[in-house]
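Analysis of the macromolecular model
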Amino acid sequence: MDNRNDVREFLTTRRARITPDQAGLPAFGGNRRVPGLRREEVSLLSGMSVDYYTRLERGDLSGVSDSVLDSLARALQLDDAETAHLHDLARAANASPVTRKPRSRAGGDTLRPSIQRLLDAITEAPAIIRNNYYDYVAANRLGRALYAPVFDEPIPNSARFAFFNPAAQEFYPDWDKVVQEFVATMRGDAGRNPYDKRLTDLIGELSTRSQTFRTLWAAHDVRYHRTGIKRIHHPVVGDLDLTYEAFELPADPGLQLSTFTAEPGSPSDDALKMLASWAATTDPPAPRHDVTAEDTGTAPDPRPAEPRG
C-alpha cells in the first residue's frame, strides 16, 4: 500500500486555497496559472528549497522530520486537525512493511458493563457510543430515542444512514454540512489508521455507492469531531439544536462517547423534555453489541444508493 496519492492531493489542495495576500506575499504578475500559492512561494514560506518541496508534494515523505512538517504546516496555514493529518501521512509513508500489512483493529465493538451503567446513569441528556467504523454500539434511553431513525437500521451506522437512507436529509436539516463533517472526520481516521481493512472497506463502500461521498473525499478536508452544534429534525418532537461533546474512552480504544445538551429554557430544551417523555412510554430499539467486521462489510444493500448526489 502506498499513500503517495493522498500526500500529493492533500498538499496540492491545501496550497491551492491560500492566496499570496493571505500568506503575506506580494502577488507579482497579473497572470497566475495556479489558484493559490506557487510551489516556490510555499518553499520560501517554509524555509526549504523548491526542489525539496516539489519532492514532498509529489508524495515522497520518506525521511522527512517533524520540524520540516511543522514548518510546512505553518506555511500552508494548516489547523490542528490538518497538521496532525500531515504527520499521520508521514508516519504511514515511513512505516515498515510489517506495519503496512492490511489489518482490522481488534476491539471497538464490545462494551464493558460498567460503560453501559454509566450511559444508563445519564438520564437528562442523550448519550451514545460509536466505534471507529461509525457503528452505534450503545446508547442510553434518550440517546436511542434521539437517533431512533438510525437505530431502526439493522446495524445502526451513522455514516451509512447519512449517505444511503433518504430519511437522512429530513433528519439532518443541515444535511450538506453533516456529510461534509462526516467525510472530513473519516479522512482524519483514515490518515491515522491507513492499513485498517475494515475502515478501508467502509470507505470503499461509501465511495462506490455515493457520488456525494466521492466528491467530498476528493477535497481532502480534515477535521476533529469533538464539539459543535447538531441540528436535528426529530420525527416525533420536531426541531432540536443541540450542543454535542465527544470523548474518547482511553480504556476502550476505538470507542467514543458523545453527549447532547440543549440551552436551558430554549425551545430545544422543551423538545428534549418532550423526547424524554416519549422515550419513557416507548421502547426504542436497542443497539447490537456484537457487531463484527463481516456484519459491516460491503455486502449489497437493497436500499437506494443515496438520497441525492
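Between helix H3 (residues 39-46) and helix H4 (residues 50-57), the shortest axis-to-axis distance is 9 Å and the interhelical angle comes to 110°. In terms of orientation, H3 lies roughly perpendicular with respect to H4. Residue-level inspection shows Arg39, Glu40, Val42 and Ser43 of H3 in contact with H4, the latter providing Val50, Tyr53, Thr54 and Glu57. Of the residues assigned to the contact of H3 with H4, the class counts are three nonpolar, two polar and three charged.

What follows is about the pattern of salt bridges. This model, assessed by the stated rule, comprises 19 salt bridges. Between Arg14 and Asp221 there is a salt bridge whose closest N-O contact spans 3.2 Å. Of this pair, Arg14 sits in helix H1 (residues 4-16) while Asp221 sits in the loop between helix H14 (211-218) and strand S3 (227-234); the two residues are 207 residues apart in sequence, bridging distant segments of the chain. Across the salt bridge formed by Arg209 and Glu205, the nearest N and O atoms sit 3.4 Å from each other.

Scanning the model with the defined rule gives one cavity of 30 Å³ or more in all. A volume near 240 Å³ is recorded for the largest cavity. What lines the largest cavity is a set of 18 residues, and nearest its centre among them are Arg130, Tyr136, Phe182, His225 and Lys230. Broken down by secondary-structure element, the contributors of at least two residues to the lining of the largest cavity are strand S1 (127-130), helix H12 (175-192) and strand S5 (256-261). When residues in the lining of the largest cavity are grouped by element, the largest group, four residues, is from H12. Residues that form the lining of the largest cavity fall into these classes: nine nonpolar, five polar and four charged.

What counts and what doesn't
Here the residue numbers are simple positions, counted from 1 along each chain's written sequence. Per-residue local features are limited, in this predicted model, to residues with pLDDT of at least 70; the limit for side-chain atom pairs, both in listing and counting, is 80 or more; totals at the level of whole chains, interfaces and linings are taken over all residues. Side-chain measures here rest on the full set of heavy atoms in the structure, leaving out hydrogens and waters. Orientation is described by lines fitted to C-alpha atoms, with helices fitted over the stretch in contact, and by angles between N-to-C directions that extend from 0 to 180 degrees. The numbering of helices and of strands both runs from the N terminus, where a helix is a DSSP run of H or I of at least 4 residues and a strand a run of E of at least 2. When describing relative orientation, an angle under 35 degrees is termed roughly parallel and one over 145 degrees roughly antiparallel, while 65 to 115 degrees is termed roughly perpendicular and anything else oblique. Residue contacts are counted whenever heavy atoms from the two residues lie within 4.5 Å of one another. The classification used treats Ala, Val, Leu, Ile, Met, Phe, Trp, Tyr, Cys and Pro as nonpolar, Asp, Glu, Lys and Arg as charged, and all other residues, Gly among them, as polar. Whenever a carboxyl oxygen of Asp or Glu lies within 4 Å of a side-chain nitrogen of Lys or Arg, that contact is scored as a salt bridge. A 1.4 Å probe that fits into a set of points on a 1 Å grid over the protein atoms alone but cannot get out defines a cavity; an open set with protein on both sides within 12 Å along at least five of seven lines defines a pocket, and lining residues are those with an atom within 4 Å of a point. Grid points are joined across faces, edges and corners, and a volume is the space filled by probe spheres set on the points.

Function-wise, these values are silent; they only describe arrangement.
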